[in-house]
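Working through the structure, step by step
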Amino acid sequence: MSKKIFLRTFGCQMNDRDSEFVMGLLLEKGYLKAESPEEADVVLFNTCSVRKHAEDRAISNMGAFLKKKRRHLKIYGIIGCSAQALKKGLFERLPDLDLICGTGEIAKLPELIVKAFQEKIIAVGNINRPLPELKSTYRQGKKSTHVSIMRGCDNFCSYCVVPYVRGRERSRKAEDITSEIKDLVRRGIKDIMLLGQNVNSYKDKTCNFVELLKLVNDVKGIEKITFFTSHPKDATVKLFEAIRDLDKVRKHLHLPLQSGSNRILKLMNRGYTREKYLDLVTRAKHIIPGLFLGTDMIVGFPSESDKDFNDTLDLVKKVRFDGAYIFKYSPRAGTGAAGMKDEVSEDTKKRRHRTLLDLQREISKRKKHEKADRCHASHSLSR
Ligand code: 5AD
Ligand code: SF4
């Protein structure tokens, strides 16, 4: 009888896509999808290690399953970023775990799972594997889906574990991406999100991200294109013009700010100042009418003072984002900031998080109303 697989995903869209890829490989090998961990023969968690909280949650959930484990009848595995970050340390934390598989080895999961029924398996080798092998046909969405255009990151922002767990930046070939999208269209998909840790530095021979957007916009049958995520240091006026001019590209830009303080931005190794950021978004808003601007911010980075935090509040008031994800800084082993002194207390992080969240909620609400009013006014005018 076919074995059943249960796969739970933690973290970002790149992880969702990796899970889809893994599920596709296993379905191709004859596994069936389990609806619950109880009915599964293989239970896998695809994990996130960007912040400690998410990592700990996945590990403790897995720990709860392992307590009920009936030996040798089921395989329990941790795959993805935390597997890559913690390696065999995961066996120390979870002695009954059967399988650890890092980000570069997920294509080998079918063989690794077979072996894991006999003995404990750990595969955390090459995180810089080339991309073409990451193909599988299974898609969860019927109308919309994610298309990975690159993998890894070269930016080494000092708080971020991504370059260490997903490796160096590698772009897929433009022709592989467009042929994958054409195939998706044949299967009824009309809405796609192009994914990469920093899509603006996409490069295949002479094709850069703006040219790739044009190629994708030309694919017949695609109706909506979004992309995620952009780094401010690589976003250009050409990109903003492409968003304005390409009819299928949503007028949506996610441009992580992280901090509004020049001192903290420098410590974060972000490669821009608050002035440059403000100039960039002013241009983006000017060029793209009706732009929806989103961002990510971190509070409580080591040594962040009240003045630094006030600089962030001030910039947020000036920029007026439509939406923002706000995170409390979480030290990650091996990153540049992990050894930085002057940790900000948990209480201060909580307070700043609340303050920034309240400010952003107020701005988002007002902007929504303003947009609705403008829409109403233009309807009244056209009547
Ligand atoms: N602590 C808190 N937030 C982080 N992010 C990345 N690393 C950390 C960390 N160590 C946030 C950044 C990034 C988003 C995906 O997660 O804001 O843009
Ligand atoms: Fe992490 Fe910075 Fe790369 Fe984003 S750009 S994945 S924050 S190192």
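Just so you know, these numbers come straight off a predicted model, no measurement behind them. (Residues numbered from 1 in each chain as written. Chains lettered and ligands numbered in written order. Predicted model: local features only at pLDDT ≥ 70, side-chain atom pairs only at ≥ 80, totals over all residues. Heavy atoms only, no water.)

**Quick notes on the nonpolar core**
The nonpolar side chains of a soluble globular protein tend to be buried, and buried together. The line we're drawing: Residues belong to one nonpolar core when they are buried, are Ala, Val, Leu, Ile, Met, Phe, Trp, Tyr or Cys, and are joined through side-chain atoms within 4.5 Å. Remark: exposure states derive from per-residue accessible area (1.4 Å probe, protein chains only) relative to the maximum for the residue type, with buried under 20%, exposed over 50%, and partly exposed in between. Throughout, a residue-residue contact means that at least one pair of heavy atoms, one from each residue, lies within 4.5 Å.
Formed by 56 residues in total, the largest nonpolar core has its most connected members in Ile-192, Leu-194, Phe-209, Phe-227, Leu-239 and Leu-253. Setting aside residues no more than four positions away along its own chain, Phe-209 makes contact with Ile-149, Leu-194, Val-199, Asn-200, Tyr-202, Phe-227 and Leu-239. Formed by 23 residues, the second largest nonpolar core is a distinct cluster that contains Leu-25, Leu-26, Tyr-31 and Cys-101.

**With respect to the site of ligand 2**
Heads up, the condition is: If a single non-hydrogen atom of a residue is within 4 Å of a molecule or strand, that residue counts as near it. Residue polarity is assigned by list, with Asp, Glu, Lys and Arg as charged and Ala, Val, Leu, Ile, Met, Phe, Trp, Tyr, Cys and Pro as nonpolar; anything else, Gly included, falls into the polar class.
Every residue lining ligand 2 is accounted for by Cys-153, Asn-155, Phe-156, Cys-157, Tyr-159, Cys-160, Val-162, Pro-163, Gln-197, His-231 and Arg-270. In the shell around ligand 2, the residues fall into 7 nonpolar, 3 polar and 1 charged.

**Let's talk about the side chain of Asp-191**
Our working rule: Helix numbers and strand numbers start at the N terminus; a helix is a DSSP run of H or I with at least 4 residues, a strand a run of E with at least 2. Here a polar contact means two N or O atoms within 3.5 Å. Within protein one must be a hydrogen donor candidate and the other an acceptor candidate, and residues neighboring in sequence count only if both atoms are side-chain atoms.
Considering the arrangement of structural elements, one finds Asp-191 in strand β10 (residues 191-195). Residue classification places Asp-191 among the buried residues on the basis of a relative accessible area of 18%. One polar contact links Asp-191 to Arg-250, side chain to side chain, over a distance of 3.2 Å. If we ignore the near neighbours within four places in the chain, the residues touching Asp-191 are Lys-143, Ser-144, Thr-145, Lys-224 and Arg-250.

**Notes on unusual backbone geometry**
Of note, the amide linkage connecting Phe-228 to Thr-229 takes the cis form, showing an omega dihedral of 10°. Structurally, Thr-229 is set in the loop between β13 (224-228) and α9 (237-245). Positive phi is not limited to glycine here, since Ser-303 has a value of about 75°. One can find Ser-303 in the loop between β15 (292-299) and α12 (306-319). Exposure remark for Ser-303: the relative accessible area of 19% places this residue in the buried category. Its identity is not glycine, yet Asp-342 carries a phi of approximately 70°, on the positive side. You can see Asp-342 is positioned in the loop between β16 (323-328) and α13 (346-382).

**Notes on the sheet that holds strand β2 (residues 32-33)**
The criterion, for reference: In this description, strands pair whenever DSSP reports at least two bridges between them. For every element, the axis is a line fit to its C-alpha atoms; helices are fit only across the contacting stretch, and the angle between N-to-C directions ranges from 0 to 180 degrees.
Reading across the sheet, the 6 strands line up as β2-β1-β3-β4-β5-β6 and stay open at both edges, with parallel pairing between neighbours. Strands with a single pairing partner mark the edges of an open sheet, and in this sheet they are β2 and β6 (121-123). In this structure, strand β3 (residues 42-47) lies alongside strand β4 (residues 75-80), joined through 6 bridges in parallel fashion. Counted as the bridge partner of Thr-47 is Gly-80 from β4. The strands touched by helix α1 (residues 13-28) are β1 (4-9), β2, β3 and β4; relative to β1, the strand with the most contacts, the crossing angle is about 175°. Strand contacts of helix α5 (residues 109-116): β1, β3, β4, β5 (99-101) and β6, with the helix running at about 160° to β5, the strand carrying the most contacts.

**Regarding the packing of aromatic side chains**
Stated formally: Only rings of Phe, Tyr and Trp enter the pairing, Trp through its six-membered ring, and a pair is recorded when the two centres are within 6.5 Å. The plane angle decides the type: under 30 degrees is stacked, over 60 is edge-to-face, the rest tilted. Criterion for a charge above a ring: Arg CZ or Lys NZ at most 6 Å from the ring centre, at most 35 degrees from the ring normal.
Tallied over the entire structure, the rule returns 7 aromatic pairs. Summarising the aromatic geometry, the rings of Phe-156 and Tyr-164 are spaced 5.4 Å apart at their centres and angled 80° between planes, so their arrangement reads as edge-to-face. Counting every residue linked through ring pairs, the aromatic cluster contains Phe-10, Phe-45 and Phe-65. Its guanidinium or amino end placed over the ring of Phe-117, Lys-3 lies 4.9 Å from that ring's centre, counting from NZ or CZ. Here the basic side chain of Arg-51 rests over the ring of Phe-327, its NZ or CZ set 3.7 Å away from the ring centre.

**Focus on the pairing of β1**
Worth spelling out the cut-off: Look down the strands so they point away from you; if the path from the first strand over the helix to the second goes clockwise, the crossover is right-handed.
Both β1 and β2 contribute to a ladder of 2 bridges, which runs parallel. Across the sheet, residue Ile-5 finds its bridge partner in β2, namely Lys-33. Handedness of the crossover joining β1 and β2 through α1: right-handed. Pairing between β1 and β3: 5 bridges, direction parallel. Looking across to β3, one finds that Phe-6 is bridged to Val-43.

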